[in-house]
Amino acid sequence: MKALLLENIHPDGVRVLRERGFEVETRPDALGEAALIEALRDVDLLGIRSTTYVTAEVIRSAPRLRAIGAFCIGTNQIDVDAATAAGVAVFNAPYSNTRSVVELAVAEIIALARHLVDHTSQMHAGVWNKSARGSHEVRGRSLGIVGYGSIGAQLSVLAESLGMRVYFYDVVDKLALGNATRCGSLEELLDVAETVSLHVDGRPANRNLFGEAEFARMRPRSLFLNLSRGFVVDDEALARHLRSGHVAGAALDVFPTEPRTNDEGFASPLRGLPNVILTPHVGGSTQEAQANIGLFVAGKLADFVAAGATVLSVNLPAVQAAPPQERRILHLHANVPGVMATINRIVAEVGANVDAQQLATRGEVGYAVLDIDADASEDVLAALRAMPEAIRVELRG
Ligand SMILES: NC(=O)c1ccc[n+]([C@@H]2O[C@H](COP(=O)([O-])OP(=O)(O)OC[C@H]3O[C@@H](n4cnc5c(N)ncnc54)[C@H](O)[C@@H]3O)[C@@H](O)[C@H]2O)c1
């Protein structure tokens, strides 16, 4: 089994795949379409980060390819529909950098409350401005978390350990951690929070979630953070409320329009405003997060090849499967009535007993995993592959 890992994937990911028996080739850069097609001729697993584009043509031209690992968060760079149509599993690492984002948020909450960036830039400019005016401890102050998912919930725990009073609002009914208080609406949260931190997901309905009305509703002299998605905040409205002093400070890591490369300039109405921390979408960018991503995605790829496990795959139905004790058939097919009956009939005809069987479906795709006590002959595999509904059929064990 051969794995090709592009774009400097963390050594921990490389190590996991080698330990799990893969021959691993690593390359530091991304590959263009033609070079990628050439490189994938004899490759079973492909690992990329955000700058390699895996097009439908690439997937069609890679007959041995079984899975693609996006060693990052997003999967926009992969034609996921083409991967599904070819029975190629796609995995990513959506939660490996949660802690990194939370730690940055905690640092920024304290930095804003103490005007840290203004103090340090004045000092670098030779200005000594010793004053307690507008500076606060965060202990005892209220934090309102909007979006109580992986990041929001972990921030809740760390903020409480600093002595903050945590309030949260989520569109889904979430269990409060520690002593956090659930708010019934965003307005309820804005009425009580002295610092508001956004951690919502990127669903389209969240565009401009936070605009003129929401900033106006915030308590006077409160603080605002957004480390979630740029398009959820109207930065012009925020800039107005910062200039008026209604919002006393803000930390932004994400922006409606972000430069695509480090060579492009950064434009924003928030530039140059006092007590505003601007960071270039680095909330999740730490060495620890990279290592976590490497371990997580490599493990998912290896589990898929060894056992057919697809839990947390981006595109295939989720089947939790331990390594096979005997022969295992992996049958990916169009999700239409009668498929399982046909599979079971074909298996029964060779006198095999099905020891375990799992079926999961996702949209138009079904995935059956069968452990059988007899050798599946080439005839059985050929019959299973010949089913008109079959997308990909493989044998393990
Ligand atoms: N700055 C960075 O580098 C960085 C790194 C990782 C993640 N992120 C972003 O942080 C955000 C949160 O990530 P996560 O892993 O916690 O996601 P998550 O999916 O675990 O949690 C998001 C939560 O927001 C809730 N939500 C969605 N819309 C809402 C709304 N309008 N009001 C209230 N709640 C709402 C959801 O129900 C969910 O509980 C995502 O947008 C993610 O892309 C940024």
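A brief look at the structure comes next.

About the criteria used
- Residues numbered from 1 in each chain as written.
- Predicted model: local features only at pLDDT ≥ 70, side-chain atom pairs only at ≥ 80, totals over all residues.
- Heavy atoms only, no water.
- Pairing = 2+ DSSP bridges.
- Helix = DSSP H or I, 4+ residues; strand = E, 2+ residues; numbered from the N terminus.
- Axes fitted to C-alpha atoms, helices over the stretch in contact; angles between N-to-C directions.
- Contact = heavy atoms within 4.5 Å.
- Core = buried A, V, L, I, M, F, W, Y, C linked by side-chain atoms within 4.5 Å.
- Buried < 20%, exposed > 50% of the residue type's maximum accessible area, 1.4 Å probe, protein only.
- Arc of directions from axis to C-beta.
- 1 Å grid on protein atoms, 1.4 Å probe; cavity = no way out; pocket = protein on both sides within 12 Å on 5 of 7 lines; lining within 4 Å.
- Points joined across faces, edges and corners; volume = space filled by probe spheres on them.
- Nonpolar A, V, L, I, M, F, W, Y, C, P; charged D, E, K, R; others polar.
- Parallel < 35°, antiparallel > 145°, perpendicular 65-115°, else oblique.
- Left-handed = near helix turned anticlockwise from the far one by under 90°.

**Observations concerning the sheet that holds strand 3 (residues 45–48)**
On the basis of which strands lie adjacent, the open sheet formed by 5 strands has the order 2-1-3-4-5 and parallel pairing. Lying at the two open borders of the sheet, with one neighbouring strand each, are strand 2 (23–26) and strand 5 (89–91). Averaged over all pairs of adjacent strands, the angle between strand axes in this sheet comes to 15°, irrespective of strand direction. Packing against the sheet, helix 1 (residues 11–19) makes contact with strand 1 (2–5), strand 2 and strand 3, and its axis sits at approximately 155° to strand 2. The strands touched by helix 11 (residues 287–307) are strand 3, strand 4 (67–70) and strand 5; relative to strand 4, the strand with the most contacts, the crossing angle is about 170°.

**Describing the nonpolar core**
Within the largest apolar cluster, 32 residues are counted, with the highest numbers of intra-cluster contacts made by Leu 17, Phe 22, Leu 45, Phe 71 and Leu 301. When residues of this core are traced back to their parent elements, those giving at least two are strand 1, helix 1, strand 5, helix 11, strand 13 (327–334) and strand 15 (365–372). Among the elements that line this core, the one with the most residues is helix 11, at 8 residues. Leaving out residues up to four positions away in the same chain, Leu 17 has contacts with Ala 3, Leu 5, Phe 22, Val 24, Leu 45, Ala 298, Leu 301 and Ala 302. Among the nonpolar cores identified, the runner-up in size contains 29 residues, and Val 146, Leu 198, Ala 239 and Leu 273 belong to it.

**Structural notes on helix 1**
Those residues of helix 1 not exposed but buried are Gly 13, Val 14, Val 16 and Leu 17. Within helix 1, the buried residues cover an arc of 160° as seen down the axis, which keeps them to one side. Those residues of helix 1 that are exposed and angled more than 90 degrees off the buried face are Pro 11 and Glu 19. Where helix 1 is buried, its residues touch strand 1, strand 2, strand 3 and helix 11. Of the residues flanking the end of helix 1, it is Gly 21, one or two places downstream, whose phi is positive at about 95°.

**Observations regarding the layout of surface pockets**
By volume, the second largest pocket is sized at about 420 Å³. Lining the second largest pocket are 18 residues, with His 115, Asp 118, Arg 133, Arg 221 and Asn 275 sitting closest to its centre. Elements represented by at least two residues in the lining of the second largest pocket include exactly helix 6 (116–124), helix 10 (235–244) and strand 11 (247–252). In terms of residue count, helix 6 provides more of the lining of the second largest pocket than any other element does, 3 residues in total. A per-class count over the lining of the second largest pocket returns 5 nonpolar, 9 polar and 4 charged.

**A word on the packing of helix 1 against helix 11**
It is at 7 Å that the axes of helix 1 and helix 11 come closest, and there the two elements cross at 25°. As summarised for this structure, helix 1 and helix 11 are arranged roughly parallel, according to the angle between their axes. Between helix 1 and helix 11 the crossing geometry is right-handed. In contact with Asp 12, Gly 13, Arg 15, Val 16 and Leu 17 of helix 1, helix 11 contributes Ala 291, Gly 294, Leu 295, Ala 298, Gly 299, Leu 301 and Ala 302.

In short, the description is geometric, and any link to function would need to be established separately.
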